[in-house]
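Results of the structural survey
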Amino acid sequence: MQIRQEVFDDRAGIYAVTHAAFSKDDHLVEPMEVGLVQQLFECDGYSPTFSLVATNDKTVIAHVIATWGTIDGKHKLLGLGPLVVAPEFQSKGAGTALMQAIADRAESEHVAGIVLLGDTGYYKRFGYEPAMARGIFPSEPAWGDNFMVRVFNERALPTGRYRYAAPYGC
Ligand SMILES: CC(C)(COP(=O)(O)OP(=O)(O)OC[C@H]1O[C@@H](n2cnc3c(N)ncnc32)[C@H](O)[C@@H]1OP(=O)(O)O)[C@@H](O)C(=O)NCCC(=O)NCCS
């Protein structure tokens, strides 16, 4: 398995993996996450630096993206998601490898923190903690502790209400 920054030719593979990862019973129904990723690639918050793929024999098997959202409309902060692993490669460490790789990128780019909405049981192993305890509030209060932040630079971390990049609509 190799981890690298996404290039344009990876897009079809990324959409296929996103579709497979989020498909429930009916694979003919396109999960909303496919359209979300397509829109994230086109939005102002997109930066290729924070879109990484895992490949196996040059085939995309997993993808993670973080895009720039804002705190109180003025301070930039990365929001992570979706993170997807092709079903046949799940529970083999690809998700973990991508989460570590994007954290390494964030640190080398001097990013203050990354927020995400997800399963606390999965993401706390990567250093994510409830964002509200750090003064970062979600647009949807019901997200509660599932809205998490990984802090890289405490002193530079903005506080206030977070809004994801526009395609999220929240
Ligand atoms: C969630 C997901 C990204 C994890 O990636 P992965 O490569 O399968 O996971 P890893 O191999 O790195 O880690 C496996 C561990 O994660 C746990 N795990 C996997 N999915 C989980 C979930 N949804 N909730 C909690 N824990 C989860 C496994 O139980 C395993 O735990 P263990 O190490 O204690 O045995 C992947 O399963 C996936 O793509 N799921 C469908 C899409 C999705 O839900 N994405 C996340 C929301 S955007």
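Please refer to the structure placed before this passage.
Not measured: the values here are computed from a predicted model.

Along the protein, the regular secondary structure elements total 4 helices and 9 strands. Secondary structure of the protein in N-to-C order comes out as β-α-α-β-β-β-α-β-α-β-β-β-β. Over its C-alpha atoms, taken along the principal directions, the protein stretches across nearly 40 × 30 × 30 Å. Here the protein holds 170 residues, and the buried ones make up 49% of them. Of the contacts made within the protein by residues no fewer than 6 positions apart, 63% connect residues no fewer than 24 positions apart. Charge-centre separation for the protein: the mean point of 15 positive side chains lies 6 Å from the mean point of 20 negative side chains.

By size, the foremost hydrophobic cluster in this structure holds 26 residues, and its most contacted members are L80, M99, Y123 and Y128. At the level of secondary structure, the elements contributing two or more residues to this core comprise β2 (51-56), β3 (59-71), β4 (75-85), α3 (94-108) and β5 (113-117). No other element matches α3, which puts 7 residues into this core. Look past the residues within four positions of Y128 in its chain and what remains in contact with it is L80, M99, I114, L116, Y123, M148, V149 and R150.

Take helix α2 (residues 32-42) next. All of the buried residues in α2 are E33, V34, G35, L36, V37, L40 and F41. Close packing links the buried residues of α2 with α1 (11-22), β2, β3 and β4.

Okay, the site of the ligand next. Neighbouring the ligand are 17 residues, the closest being V85, S91, G93, G95 and T96. The backbone of G93 places a nitrogen or oxygen atom 2.7 Å from an oxygen atom of the ligand. Side-chain polar atom of T96 to an oxygen atom of the ligand: 2.5 Å apart, as the coordinates give it. Those elements that place two or more of their residues in the shell around the ligand are α1, β4, α3 and α4 (120-123). With 4 residues, β4 is the single largest residue contributor to the shell around the ligand. Of the residues that constitute the shell around the ligand, the class distribution is 9 nonpolar, 5 polar and 3 charged.

At a minimum axis distance of 8 Å, the contact between α1 and α2 shows a crossing angle of 145°. Between α1 and α2 the crossing geometry is right-handed. Contact residues: R11, I14, Y15, T18, H19 and F22 in α1; E33, V34, V37, Q38, F41 and E42 in α2. In terms of residue class, the contact of α1 with α2 is made up of 6 nonpolar, 3 polar and 3 charged.

A separate point is unusual backbone geometry. Backbone torsion omega between G81 and P82 reads -5°, so that peptide bond is classified as cis. On the secondary structure map, P82 appears in strand β4. With a phi close to 60°, S91 is a non-glycine residue in the positive phi region. As for its placement among the helices and strands, S91 is situated in the loop between β4 and α3.

Reading guide: rules and limits
Residues numbered from 1 in each chain as written. Predicted model: local features only at pLDDT ≥ 70, side-chain atom pairs only at ≥ 80, totals over all residues. Heavy atoms only, no water. Helix = DSSP H or I, 4+ residues; strand = E, 2+ residues; numbered from the N terminus. Buried < 20%, exposed > 50% of the residue type's maximum accessible area, 1.4 Å probe, protein only. Contact = heavy atoms within 4.5 Å. Lys, Arg positive; Asp, Glu negative; His and termini not counted. Charge placed at Lys NZ, Arg CZ, Asp CG, Glu CD. Core = buried A, V, L, I, M, F, W, Y, C linked by side-chain atoms within 4.5 Å. Near = heavy atom within 4 Å. Polar contact = N/O pair within 3.5 Å; in protein donor to acceptor, adjacent residues only side chain to side chain. Nonpolar A, V, L, I, M, F, W, Y, C, P; charged D, E, K, R; others polar. Axes fitted to C-alpha atoms, helices over the stretch in contact; angles between N-to-C directions. Left-handed = near helix turned anticlockwise from the far one by under 90°.

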